[in-house]
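Summary of structural features
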Amino acid sequence: MRRIVLACVLLLALFAGVPAHAATPPDECPPGEIAGITSLDGGYWLAGRDGRVHAYGTAKLFGSPGRPAVTIEATASGEGYWLAAADGAVWAYGDAKVARTTTPALTSPVVGSTRTETGLWLTTADGTVVAPDGTLTARKRAVVDIVATTSGKGYWLVAADGSVWAYGDAAAVPKKPSGLKAPIVSATSAGAGLVLAGADGAVFALAGAAYHGSAASLRLAKPVIGVAAATADGYTLAAGDGAVLTFGTDGFMGNAVTTAADCTPPEPTPGSEIVRIATAIKDGRAMQGWPGGFVPYAWGGGHGSVPGPSFGTCSWYTGPLPCRADVTFGVDCSGFARWVYHLAYGRDVLGGENTNGQLRKLTRSATGRPGDLVFYGRGPSDTRHVAVFIGDGKVINALRTGTVIRVDPIDVSRDRLPGFYRVAA
């Protein structure tokens, strides 16, 4: 993963039991059922059945088709992704490419996808495998997913009853998982092995993959619909309502769980009130969730089930070593912005997403007023820092490891994005 100049950027806290409800942009309310998940080392994307894409951690938003989709797959670089529809149509974003020019004639809906160096592979419910160039191979198996081997020279087809068929250099899986209580709905590669996920949150590690736990003991609001592995020693489950559960070294970076209340525009709040709250936190005054004292920067802090300081995480940490984020109770830049706006508006208007997700919930203005947020990065979908503008060319922010909430010049970083951002009136 590339190193980041500003320490406060895109990392969010590890899974902390009850997922936070994330505020949602007005044009995405309600967010709809989630169809799939895909990941990279440091982030993940959730794709809705309506084709909308939600990005977390270091994942960037490259676009979405605005049409129904059943699966999403990231490119090897993490700089793009594909979405596929049930009829085999594919949309490519970022550095993703589509080799074929027509939609294949299928007799069964697409249910799964995987990638190799040659591009995106699909499988249908009747086991027809669609190669990147559109070539069809009828395997005549009832399946729910396809997973390529790390070499790209083989793949597994996975059935709802846990049966696995290996092709090419994929290792044979002679036995179905034992103790299966719900259908298998998704699979992913983990190292050289294979991980299966059941609708009830159960996880089965096969072909040499390591087991890091499951969600089978939890009462889920909606069934699990997908599994992805962001790291070699972990995996992440996604449920149909947007809940995300992480295991092993995969880090929790936010979810798409939204209620009707999250879609109601908040009451207007004066910018002076936002500045007052940010200043009080900077001065070490006691606030909701904080007994008082200067608030330290903590990588991943402030993204728990409720806004406010929390222990950070050393997952994907890029600051000075040794990492002490996991024993530091504080906030990172987006955790600070989330906390301030929660106190100002009386609700979690920014949610637990990264700076990219926060910016997407706000309205841009060419002229700034105290209380606005200022973002820094390469562009609106690749932000790295956020700060509260207090006027007179200054911001209050959580800048990096080793600092506390403090005042800095607005150009604390040279990659400040044009404009100022605020909650829509």
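The shown structure was predicted, so the numbers you read here are calculated from the model rather than taken from an experiment.

Each value, and the rule that gives it
Residues numbered from 1 in each chain as written. Predicted model: local features only at pLDDT ≥ 70, side-chain atom pairs only at ≥ 80, totals over all residues. Heavy atoms only, no water. Axes fitted to C-alpha atoms, helices over the stretch in contact; angles between N-to-C directions. Helix = DSSP H or I, 4+ residues; strand = E, 2+ residues; numbered from the N terminus. Parallel < 35°, antiparallel > 145°, perpendicular 65-115°, else oblique. Left-handed = near helix turned anticlockwise from the far one by under 90°. Contact = heavy atoms within 4.5 Å. Nonpolar A, V, L, I, M, F, W, Y, C, P; charged D, E, K, R; others polar. Buried < 20%, exposed > 50% of the residue type's maximum accessible area, 1.4 Å probe, protein only. Pairing = 2+ DSSP bridges. Disulfide = S-S within 2.5 Å. Phe/Tyr/Trp six-rings, centres within 6.5 Å; stacked < 30°, edge-to-face > 60°.

A few words on the packing of helix α1 (residues 271-282) against helix α2 (residues 333-345). The description of two packed helices rests on the angle between their axes and on the distance between the axes. Close contact between α1 and α2 brings their axes to 9 Å; oriented N to C, the two are set at 125°. As judged from the angle between their axes, α1 and α2 are oblique. Judged by the sense of rotation from one axis to the other, the crossing of α1 with α2 is right-handed. Facing Ile-274, Ile-277, Ala-278 and Ile-281 of α1, the residues of α2 in contact are Phe-336, Trp-339, Val-340, Tyr-341, Leu-343, Ala-344 and Tyr-345. Residues belonging to the contact of α1 with α2 are distributed by class as follows: eleven nonpolar, no polar and no charged.

Quick look at the pairing of strand β17 (residues 224-228) now. Look at any regular strand and the pattern is simple: side chains alternate between the two faces of the sheet. Extensive coverage of β17 is indicated by the burial of five of its five residues. Between β17 and strand β18 (residues 234-239), which follow one another and run antiparallel, lie five residues.

What follows covers the state of the cysteines. As enumerated under the stated definition, the model contains one disulfide in all. There is a disulfide in this structure between Cys-314 and Cys-323, and the S-S distance comes to 2.1 Å. Between Cys-314 and Cys-323 the disulfide shows an S-S torsion of about -95°. By sign, it is left-handed. Residue class for Cys-314 comes out partly exposed when judged on its relative accessible area of 31%.

This next bit is on the packing of aromatic side chains. Each aromatic ring pair is specified by the distance between its two centres and by the angle formed by the two planes. For the structure on display, the rule yields 13 aromatic pairs. Where Tyr-155 meets Tyr-167, the ring centres are 5.3 Å apart and the plane angle is 40°; that geometry is what we call tilted. Pair noted here: Tyr-155 is in strand β12 (residues 154-158) and Tyr-167 is in strand β13 (residues 164-168), with a separation of twelve residues, a long-range link. Of the two residues, Tyr-155 and Tyr-167, neither departs from the other in class, the shared state being buried. Summarising the aromatic geometry, the rings of Trp-290 and Phe-329 are spaced 6.4 Å apart at their centres and angled 10° between planes, so their arrangement reads as stacked. With Trp-290 in the loop between α1 and β20 (310-311) and Phe-329 in strand β21 (residues 329-330), this residue pair connects regions lying 39 residues apart in the sequence. Trp-290 sits in the buried class, given a relative accessible area of 11%. Overall, Phe-329 belongs to the partly exposed group, its relative accessible area being 36%. Among the aromatic residues, ring-to-ring pairing joins Trp-45, Phe-62, Tyr-81 and Tyr-93 into one connected group.

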